[in-house]
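# Structural characterization, general
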Amino acid sequence: MIYKGMVSSIDGMKARIIPSGEKSRTVPDITIPDSLNGKIEKGTYVVYAYFGDGEGIILSRMDGR
């Protein structure tokens, strides 16, 4: 599924994301692709894919940068 959320923390090439509309629940270990490495920081709104097996990847920044 495709979701929107805000990055709450980054650890290497993985981000923890707060889904849009949530206040405290986070989605852990979403992969940051090489194309966005260094372009995402805490507080950045992103579009990400999250799969039933618990894996996910950031697809884009919401601001298009």
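Everything below is about the structure printed above this text.
A few points on the structure.

Calculation rules
Residues numbered from 1 in each chain as written. Predicted model: local features only at pLDDT ≥ 70, side-chain atom pairs only at ≥ 80, totals over all residues. Heavy atoms only, no water. Salt bridge = Lys/Arg side-chain N within 4 Å of Asp/Glu carboxyl O. Buried < 20%, exposed > 50% of the residue type's maximum accessible area, 1.4 Å probe, protein only. Core = buried A, V, L, I, M, F, W, Y, C linked by side-chain atoms within 4.5 Å. Helix = DSSP H or I, 4+ residues; strand = E, 2+ residues; numbered from the N terminus. Contact = heavy atoms within 4.5 Å.

Moving on, we get to the pattern of salt bridges. Side chains that differ in charge, positive against negative, can pair when their charged atoms come close. On inspection of all chains with the given rule, the structure shows 3 salt bridges. The salt bridge partner of Glu-22 is Arg-25, with a shortest N-O separation of 3.8 Å. Judged by relative accessible area, Glu-22 falls into the partly exposed class, the value being 37%. Linking Asp-63 and Arg-65 is a salt bridge whose minimum nitrogen-to-oxygen distance equals 3.5 Å. Within this structure, Arg-61, Asp-63 and Arg-65 form a network of salt bridges that share partners.

With that settled, the discussion passes to the nonpolar core. Formed by Val-7, Ala-15, Ile-17, Val-27, Ile-30, Ile-32, Leu-36, Ile-40, Val-46, Tyr-48 and Ile-58, the largest nonpolar core amounts to 11 residues. Put simply, the parts of the chain that give this core at least two residues each are β2 (14–19), β3 (27–31) and β4 (45–50). Discounting residues that sit within four places of it in the chain, Val-27 has contacts with Ala-15, Arg-16, Ile-17, Pro-19, Tyr-48 and Tyr-50.

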